[in-house]
Structure formats: structure tokens, C-alpha cells
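# Coordinates in review
In case you want the letters, here they are:
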Amino acid sequence: MTAPSTAASTSIMVADARTLKRNAAEKRFRAYGLAAIFAGLLALVLLVGSILNNGASAFKQTFIQIDVTLPESKLDKSGVRDPEVMKKATTVTYAPLLRDGLMAKLDELGVTDIEKKEVGNMISKEAAAQLRNHVLANPNLIGQTIPFEVLANGRIDGFFKGRVDFASAELDKNVSPAQLNAALALEDAGSLETRFNLGFLTAPDASDQRPEAAGLGVAILGSLYMMGVVLLLALPIGVTASIYLEEFAPTNRWTDLIEVNISNLAAVPSIVFGILGLAIFINFAGLPQSAPIVGGLVLTLMTLPTIIIATRASLKSVPPSIRDAALGVGASKMQAVFHHVLPLAAPGILTGTIIGLAQALGETAPLLLIGMVAFVREYPAGPPEGLFDPATALPVQIYNWTQRADPAFVERASGAIIILLLFLIVMNAIAVMLRRRFERRW
Amino acid sequence: MKDIQLENRAVTDEKTKIAANNVNVYYGDTRAIKDVNIDIKSRTVTAFIGPSGCGKSTFLRCLNRMNDTIDSCRVEGRILLDNEDIYDTKVDPVQLRAKVGMVFQKPNPFPKSIYDNVAYGPRIHGLASKKADLDGIVEDSLRKAALWDEVKDRLQAPGTGLSGGQQQRLCIARAIATSPEVLLMDEPCSALDPIATAQVEELIDGLRTNFSVVIVTHSMQQAARVSQQTAFFHLGNLVELGDTDHVFTNPTDPRTESYITGRIG
């Protein structure tokens, strides 16, 4: 050993310039990393915050309790209580009954400073149809006065959710301060309340005029049907294709070509799949428009590459020694794959599948092209026939509602986003759980 | 060398079990095995020694057609098992591998229970129709692999939870559960500590009663301890084949001498 040139340069008590520089670089990098994470978190908080802020109120709705008199003279002149005959009385007949019931209640409460037409408009346009259905189902109610709960008009509902106030009501031709006063009086009397609205999850969509009645029922059902189709088609096809490619196919120009194209397929914009679906499944194969079966087929095409890539990755991660071991005791190639490799790859395959499904659940663009953007009020039938009935899907319903003029639909669109996000969070949580639970070490 | 040999039982059965004639193995364009001719006798432990990359493992894997799984691998020449060509198109490698079992370098038990590990081979070959028969095969195999006493109370425990030496003996039990006629071992002790190695070596010598054993090893002491026949491979050539005593004490080829005295390799 040669003598140290200077005492200071060899002492480990004093950091040299190089070390200082290195440490400073590391500190800077840590700061960048933290900043990046905070930026991401902030974006997430802002996004979720604004959606919750806008959408939470969609789960509540304002209801009015009305005592409705159901006169035989108007609803069933024949007196036979035959629903077929009673159907002649349309909602035009029922609407004034509700209005008169509400008028009576307001008179009772001493609210007189309001026109007849304004009272009628406080009630949702959907209410007359609900009353009619109720009466047709129970013809014996005719002649009685029954308590009936109806949805309040979207503007009245907006008043209790802070979207409408007296100042804006002055300027709005759809709502007047008199109506708001009447609503407050009803609330004081306990005849009006704003509470949780299950209808938002179960009811079908409603027209532009009645946002208060619009619900996600058909959209949720349509999305579930499509997920079912995707799961049933994409999982077996994807897993079979991956096993063949990974375990059996020779490596040559053709398999290389297939591999490249699967990766390409995963990167194809989703709207292209929509055009493909329109051309092949609807125009060529003649499947119905707006049907979950077509949506499911299109989303299957989209999900397949994701599942194939995930499955191949998890098959690849099974150590070759397991295959050797199985082959070594005389298992055939297929036995080695199905008895040993596939079970070990299963958690990865399931995770990939669930992530693919979650992706498909949130997909909008291809569904627009195959007509799932239509206004659908009828629930599709049970599977399998229901797969061919018109339906919408959650993301398309959101898109649809954001296009509507009435501000009450903004809240409902955000509410639908909350539901969609909930579905996605649950699916991803299941994926993480499966991976944790079944992940094996070897 | 002789004094450290486990037991010097004479080769009891001189019948040729496997005969290889002019075997050449190619990986793509690379010739990994060059014109190898070798006879492997039954009820004998034959050791393949040689420096890394000399082709001894490649040749071993030819004997039960494990090389079939490598796309670029091509085997020429004839390998006869009991006078039947194992590379004949009529031969199903699956049937062959039931007759010629294999133990790998790294212990590779299935991530299943100890019982299922051993029972897997008999199950897929349909060797036991009743549960009791299968239980018997499992116990017998584990006993032959000198593992029974250690695991008899936890047959349902995962095989991957055993120690390295136990795992390797489990793999040996798994390999002999299908009653193979030949057992190929590819450096079975390279991942084991000396105590586990000693156990496995003792086991190998015991297996000779029933099987013909071919073992690839990097340890010349091991080859000397367990084998009756030794084959020295160098750069894809079979340089020397003979009785272990003879190869280690009086090698005919200068390359063998250089290797066992530590000058090459």
C-alpha cells in the first residue's frame, strides 16, 4: 500500500465531492418521484371528488305524497273493471286527477297563490303513467281515494338539491317561485320528502322531459348481458389460442406473424371494432341492432388480444422445470399442460380476463356504431332471448345523458359514472384478490 | 480412489440395456454430440463425466427423447433400448419415458402434495386401479427413495415445502414410481449439501438392484463413489468408456488423465 496523498481524501468521515454529487442526484430523484405521485393522486382526488360532488345527489329523489280520487265516471264508464276496457283511459285522463289531488292538498295547507297549471307541472310527467299502471293492475281501487306517491318534477327536485333557487326560478319558464313556495309548504306538512331513490338503479331511461324518472336499469342489464357474452366467448377462445401458441405451435414465420398481429390487434382503436361489428354482425350476419349479443361479440373481439397476451405471459412464467418434470414421468404434452402448467397459470389468466372485462365494460365507441346508443325503455327479456332484444350499456347511457338539455341529466350522468366506477373497482379488487390468494411460489 | 467407493459390488448383469450407435446431435447447425457409441449395461450405475458443455447432459436427454421438446434439436444415429430403436417413428415418447425415468438437476417437485407427486406417474399410466394399490406404490417408492420415514406423517403436505435434499429424493421417488427400467439422473446432487448428497448417493447405489442408472455428474469423486462404469465426454466426443476403477486409476486417453487430474475442464 502506498501512503495516502492527503489525510482528508481518505477519511470516510468526510464525504468527497463525487459522493456529495451522487447523493444530491439521488435526493433530487426521490423528490421528482414524490412529486409525480402527488400529481397523480391530486388528479385522482379532483376527478373522483367532482364526480361524487355532481353525482351523489342522483341517488336521492324528491317524492310527493298525494291523495288521489279515482272517479269511476272518468276511468271506467262501463263499470265492469275489465283492464282491457279500462285501457281506453290514457294518461291524459289520469294527469288531472293527480293535479286535483295536489291542488286539494295545497288548499288544505293554505297555499292559494298558485295557478292550476303550475300545480300540475310540479308533478313529474311520468306520474300519470305510473298511476295508470297502478290502477290497471288493481281495478278495484276505482271509486276510492288512495294515497299515491309520485315523483316531483325535475326542477322541484333540483330546488331541494340546491340546483334551483328563487332567483333562477324567476328567469326559468319551466318553474316559478310560486311552485317553490308550494313545495316548501308541502315539505313542512310532511307530504314531500327527498330520499334514496332505488329507481335510479332499476328504472329504464326516460325522455328529455322527465329526467327525474330516468334510471340505469336497462343499461346495467345490457352491460351485464354483454359481459356474459364476452366471458363465455373470449375466455375459452383466448385461453385455447394462448395454450396452442405458447405450448404446441412451432416457432416459425407464421407464428411470428400471428404474434405480431395479436399485439397489433390489442392496439387497434376501439371504434374500428365498432365498424367491423356493424359490417359483419349486423349488415352481413343480420343480427339485430342495439342488441347485447352484437355488443358482446364486438367487445369479445376487443378483449381477446388482452386475454391472449395475459394468458401467454402467465403460461410463460411457469418454470420449464415443471413441464420437464411432467414429461419426465411420461405425461403427454397435453397432460403436462392441463395437469400442471394451466393450474399454475390460472391466477394470471383470471387476472388478465377480469382486467379485459373491466376494459370492455367501460368501452363506449364501438357500441355507438352498432346502435346501442338508442333510447330504450323496454327491459330486455331473460337470457338467452334477451340477448337479441334492444338494450343500452352503462357507458353509452352516460354519453347519452350528457347530450340531454335538461340540467337534471348532468347529475344523473355523474351518478351513472359512480356506478360504472364502482363496478370497475369491484372487478379490479377481485382480480387483485385472486392474484394474492392463488399466487404460488415454486 | 477405491477406498472411498461406497461398496464395490461387481456388475452382476452384463446384459446391454441401452446401445447407442453413431449418435450425432445437432442444435441448429452446431454439432453437440459427435459419433458417440456406447453400451449401457443393466443393473449398473454408469457415470457421465466431463467439463461443462461437453454434451453429457445433451446425450443423457437423448436417451428418453427429452430433446424432442427443443425445436432446433436433431438426433442422428440409432439408440436401442432392449434392441428397439427409441427414435423409430412408431415409438411414442410418452411410453418410452415411462420406461426411462428422469431426475433433473434442480429438484422440481410439482406444487402439489407429496402423495400426489409420487402418485402422478402411476395415475396417468393407469398402473393402479384401486386406492390401496396406489397407496402401496407411493409407500414403496418413497421407501426406495429413503424418504418414507421422514414424510409418512405428512403425505398431504406440499412437496415444495420439503428441504432441498428431501425434494430431490421426492423427485427420485416420483421417477421410480412408474417402475422404469432405466433411471437417468442429470447432476442430481449439484443443488444439495454434502449430507443430502451422501443420502442420494447411497440411494443410487441401492437403486442399482432394480434399475440401470445413468448419472451425469461434475464431481469426479461422486462418479468414483457411485458408478461401476464411467464415460468421459469432451467437446462432444466420447473419449473414454470403461470400468470406473480403470478410468480413474489408469486412463488410456491423455485427455481423460488431464481432466481427472484437474489440468483441463
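What you see as residue numbers is a count from 1 along each chain, following the sequence as written. Here chains are named by letter from A upward and ligands by number from 1 upward, in the order in which they appear as written. Given that this is a predicted model, residues contribute local features only at a pLDDT of at least 70 and side-chain atom pairs are listed and counted only at 80 or more, while totals for whole chains, interfaces and linings are drawn from all residues. Excluded from the side-chain calculation are hydrogens and water; included are all heavy atoms of the structure.

## A closer look at the overall build of chain B
Helical segments are the DSSP runs of H or I of at least four residues, strand segments are the runs of E of at least two, and each set is numbered from the N terminus. Of the regular secondary structure elements, chain B holds 10 helices and 10 strands. Here the C-alpha radius of gyration of chain B, 18 Å, is about what a compact globule of 265 residues would show, namely 18 Å. The C-alpha extent of chain B, read off along each of the three principal axes, is 55 × 45 × 30 Å. Sorting the 265 residues of chain B into buried and exposed places 56% on the buried side. Contacts are residue-level and defined by heavy atoms, with any inter-residue pair within 4.5 Å sufficient. Of the contacts formed within chain B by residues at least 6 apart in sequence, a portion of 68% connects residues at least 24 apart. In this description, accessible areas are obtained by the Shrake-Rupley approach with a 1.4 Å probe, and a residue is regarded as covered only by the protein chains that are shown. Only carbon and sulfur atoms are counted for the fraction: they give 46% of the accessible area of chain B, which is about 11,300 Å². When charges are counted, neither His nor the chain ends are considered; positive counts come from Lys and Arg and negative counts from Asp and Glu. A single reference atom marks each charge: NZ on Lys, CZ on Arg, CG on Asp, CD on Glu. A gap of 3 Å separates the mean positions of the 31 positive and 35 negative side-chain charges of chain B. Based on C-alpha atoms, the radius of gyration is set beside the globule rule, defined as 2.2 Å times the residue count to the power 0.38. Burial classes: relative accessible area under 20% of the type maximum marks a residue as buried, over 50% as exposed, and values in between as partly exposed (1.4 Å probe, protein chains only).

## Let's talk about the overall build of chain A
Helix and strand content of chain A: 20 helices and 3 strands. Computed over its C-alpha atoms, the radius of gyration of chain A comes to 31 Å, more than 25% above the 22 Å expected for a compact globule of 442 residues. Its C-alpha atoms put chain A at 110 × 65 × 35 Å along the principal axes. Sorting the 442 residues of chain A into buried and exposed places 43% on the buried side. Once local pairs closer than 6 in sequence are excluded, the contacts in chain A between residues at least 24 apart make up 77%. Carbon and sulfur atoms provide 63% of the accessible area of chain A, an area that totals close to 23,000 Å². Charged side chains in chain A number 37 positive and 37 negative. The centres of these two groups are separated by 11 Å.

## A look at the UniProt feature "transmembrane region" (unreviewed entry) in chain A
Residues and elements named next belong to chain A. UniProt positions are given in the numbering used here, feature names are shortened, and annotations may be inferred rather than shown by experiment. In the numbering used here, UniProt assigns the feature "transmembrane region" (unreviewed entry) to residues 31-52, 224-245, 265-287, 293-315, 336-358 and 413-434. Between the end C-alpha atoms of residues 224-245 the distance is 30 Å, and the span holds 100% helix and 0% strand. Taken as a whole, residues 265-287 contains 78% helix and 0% strand, while its terminal C-alpha atoms sit 24 Å from one another.

## Points about the side chain of A:T353
Residues and elements named next belong to chain A. As for its placement among the helices and strands, T353 is situated in helix α17 (residues 333-361). Exposure remark for T353: the relative accessible area of 4% places this residue in the buried category. The contacts of T353, once residues within four sequence positions are left out, are L231, L235 and I307.

## Some details on the packing of helix α14 (residues 270-284) of chain A against helix α15 (residues 292-316) of chain A
All names here are of chain A. Relative orientation of the contacting elements α14 and α15 amounts to 130°, with a least axis distance of 9 Å. Relative to α15, the element α14 is oriented oblique. Along this stretch, α14 crosses α15, giving a crossing that reads as right-handed. Along the contact surface, α14 presents S270, F273, G274, L276, G277, F281 and I282, while α15 presents V294, L297, V298, L301 and M302. Each residue gets one of three labels, nonpolar for Ala, Val, Leu, Ile, Met, Phe, Trp, Tyr, Cys and Pro, charged for Asp, Glu, Lys and Arg, and polar for the others, Gly among them. When grouped by side-chain class, the residues that make up the contact of α14 with α15 number 9 nonpolar, 3 polar and no charged. Comment: axis = line fitted to C-alpha atoms, over the contacting stretch for helices; angle = value between 0 and 180 degrees taken between N-to-C directions. Comment on the angle field: the value is read as roughly parallel under 35 degrees, roughly antiparallel over 145, roughly perpendicular from 65 to 115, and oblique elsewhere. By definition, turning the near helix anticlockwise from the far helix through less than a right angle yields a left-handed crossing, and turning it clockwise yields a right-handed one.

## Some points on the sheet that holds strand β3 (residues 192-196) of chain A
Residues and elements named next belong to chain A. Two strands are said to pair when DSSP picks up at least two bridges between them. Across the sheet, 3 strands lie side by side as β2-β1-β3; this open sheet has antiparallel pairing. The strands lining the two open edges of the sheet, one partner per strand, are β2 (145-151) and β3. Going across the sheet, the axis of each strand differs from the next one's by a mean of 35°, ignoring polarity. Pairing of strand β1 (residues 60-69) with β2 involves 7 bridges; the strand directions are antiparallel. In the sheet register, I64 faces β2, and the bridge partner there is V150.

## Details of the pattern of salt bridges
All names here are of chain A. By definition here, a salt bridge exists when the distance from a side-chain nitrogen of Lys or Arg to a carboxyl oxygen of Asp or Glu is within 4 Å. A complete count under the given rule lists 34 salt bridges over all chains for this structure. The salt bridge involving R323 is made with E247; its shortest N-O contact spans 2.8 Å. Taken as a pair, R323 in helix α16 (residues 320-328) and E247 in helix α12 (residues 217-248) lie far apart in primary sequence, 76 residues in all. You'll find R323 and E247 in the same group, each marked buried. Linked through salt bridges whose partners overlap, the residues forming this network are D157, K161, R163, E411 and R412.

## Quick look at helix α19 (residues 394-402) of chain A
Residue and element names in this part refer to chain A. Burial of α19 is extensive: 7 of the 9 residues sit out of reach of the surface. Within the span of α19, buried status applies to L394, P395, V396, Q397, I398, N400 and W401. Each element contacted by the buried residues of α19 is listed here: α11 (199-202), α12, α17, α18 (365-369) and α20 (408-438).

## Some remarks on the domain arrangement of chain A
Residues and elements named next belong to chain A. These domain boundaries are the output of an automatic or database domain assignment. Parsing chain A into structural domains produces domain 1 (56-197) and domain 2 (217-438). For domain 1 versus domain 2, the separation of C-alpha centres amounts to 45 Å. The interface is formed by 11 residues belonging to domain 1 together with 9 residues belonging to domain 2. What counts as buried area is the accessible surface, traced by a 1.4 Å probe, that two parts surrender upon association, with contributions from both included. Note on domain 1 versus domain 2: buried area summed over both sides is about 740 Å², and carbon and sulfur give 48% of it. Taken as a group, A58, F59 and R163 account for 54% of the area that domain 1 buries against domain 2, more than any other trio of residues on that side. With a shortest N-O distance of 2.7 Å, R163 and E411 are connected by a salt bridge. Counting of polar contacts relies on pairs of N or O atoms within 3.5 Å, with two restrictions inside protein: one atom must be capable of donating a hydrogen and the other of accepting it, and residues adjacent in sequence are counted only when both atoms are side-chain atoms. On the surface where domain 1 and domain 2 come into contact, there are 5 residue pairs in polar contact (both at pLDDT 80 or more). In terms of residue class, the side of domain 1 that touches domain 2 is built from 3 nonpolar, 3 polar and 5 charged.

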